[in-house]
Amino acid sequence: AISGMTAVGGMVLLAQGTQAEGLIPNSPSHWMGAVATMLSFINISGGFLVSGKMLDLFKRPDDPDDYFQLYAIPAGLLLAGLAGSAYTGLGDLGTVSGSVGIASAICCIAGIAGLANQETARTGNVLGMAGGGRRPPPSV
């Protein structure tokens, strides 16, 4: 909960004052917001990694194989689309990064909901990590 509030506070700082003209923060408050958001992202992602390791402790030898590494394909495509939009100038970067943020939020919420049930805990953990990894750059 504390990391979530730090992330929200960092995003509020990023939204305050002048609009950033690029991906690099241009004021001290934007830098503080970017640092707060990045540290929150690291802490939240670390929590999901620890949850994954704890879930592995309870995995039985006869459990079916998990192919969660395949979640990296849509995450990579989404990040590649965001980077492609930023560097080629196709589309509005604000709209594209907003779409990535919405997809990230949905994955994080689905991940937390998935952790509530033992049958869906592994999927919830992977969704949470995928959602945390697809956040747009802090200064967008």
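Residues numbered from 1 in each chain as written. Predicted model: local features only at pLDDT ≥ 70, side-chain atom pairs only at ≥ 80, totals over all residues. Heavy atoms only, no water.

1. Things to note about the confidence of the model for the protein
Heads up, the condition is: Across the chain, each position has a pLDDT score giving the predictor's confidence in that residue, from 0 to 100. Note on definitions: a residue-residue contact is assigned when non-hydrogen atoms from the two residues lie within 4.5 Å.
Scored by pLDDT, the protein comes out at a mean of 76, with 85% of its residues at no less than 70. Confidence drops under a pLDDT of 50 for residues 136-140, and excluding neighbours within four residues, the segment shows 18 contacts in the predicted structure.

2. Some words on the layout of surface pockets
Just so we agree on the cut-off: A 1.4 Å probe that fits but cannot get out identifies a cavity on a 1 Å grid over protein atoms alone, an open set with protein on both sides within 12 Å along at least five of seven lines counts as a pocket, and a residue lines either if it has an atom within 4 Å of a point. Grid points are joined across faces, edges and corners, and a volume is the space filled by probe spheres set on the points. Under the DSSP-based scheme used, a helix requires at least four consecutive residues in state H or I and a strand at least two consecutive residues in state E, with every element numbered from the N terminus. Residues were grouped as follows: Ala, Val, Leu, Ile, Met, Phe, Trp, Tyr, Cys and Pro as nonpolar; Asp, Glu, Lys and Arg as charged; and all remaining residues, including Gly, as polar.
Computed from the structure, the second largest pocket encloses a volume of approximately 360 Å³. Taken together, 13 residues make up the lining of the second largest pocket; nearest its centre are Phe58, Arg60, Asp63, Gln118 and Arg122. Here the lining of the second largest pocket takes 3 residues from helix 5 (residues 121-133), the largest share from any one element. Class assignment of the residues belonging to the lining of the second largest pocket gives a composition of 5 nonpolar, 2 polar and 6 charged.

3. Details of the packing of helix 1 (residues 2-15) against helix 2 (residues 28-57)
Short version of the rule: Helix axes are fitted to C-alpha atoms over the stretch in contact, other axes to C-alpha atoms as well, and angles between N-to-C directions run from 0 to 180 degrees. An angle below 35 degrees is treated as roughly parallel, one above 145 as roughly antiparallel, one from 65 to 115 as roughly perpendicular, and anything else as oblique. Should the near helix be turned anticlockwise from the far one by less than a right angle, the crossing is termed left-handed; should it be turned clockwise, right-handed.
For the pair helix 1 and helix 2, interaxial distance at closest approach is 7 Å and the crossing angle is 155°. By the angle class used here, helix 1 and helix 2 are roughly antiparallel. Once helix 1 is placed against helix 2, the crossing between them reads as left-handed. Facing Ser3, Gly4, Thr6, Ala7, Gly10, Met11, Leu13 and Leu14 of helix 1, the residues of helix 2 in contact are Ser29, His30, Met32, Gly33, Ala34, Ala36, Thr37, Ser40, Asn43 and Ile44. For the contact of helix 1 with helix 2, the residue count by class is 8 nonpolar, 10 polar and no charged.

4. Regarding helix 1
What counts is decided by this rule: Given a helix with a known number of residues, its expected span is that number minus one, times 1.5 Å. Exposure categories follow from relative accessible area, calculated using a 1.4 Å probe and restricted to protein chains: below 20% of the type maximum is buried, above 50% is exposed, and the middle band is partly exposed. Within this analysis, the arc is defined by the directions that extend from the helix axis to the C-beta atoms.
For helix 1, spanning 14 residues, the distance from its first C-alpha to its last is 20 Å, which sits close to the expected 20 Å at 1.5 Å a residue. If you check which residues of helix 1 are buried, you get Ser3, Ala7, Gly10 and Leu14. Buried residues of helix 1 fall within an arc of 65° about the axis and therefore sit on the same side. When the buried face of helix 1 is taken as reference, the exposed residues oriented beyond 90 degrees from it are Ile2, Met5 and Ala15. On the buried face of helix 1, the contacting elements are helix 2.

5. Regarding the side chain of Ser27
How we decide: Here a polar contact is taken to be a pair of N or O atoms separated by no more than 3.5 Å, where protein atoms must pair a possible hydrogen donor with a possible acceptor and residues adjacent in sequence count only if both atoms sit in side chains.
Tracing the backbone shows Ser27 in the loop between helix 1 and helix 2. Among the polar contacts made by the side chain of Ser27, one reaches the side chain of Ser29 at a distance of 3.3 Å.

6. Description of the environment of Ala121
In this fold, Ala121 is placed in helix 5. We classify Ala121 as buried; its relative accessible area is 6%. When the C-alpha atoms of Ala121 and Leu55 are compared, they prove to be 7.8 Å apart, with 66 residues separating the residues in sequence. Apart from residues no more than four positions distant in its own chain, Ala121 is found in contact with Leu55, Gly114 and Leu115.

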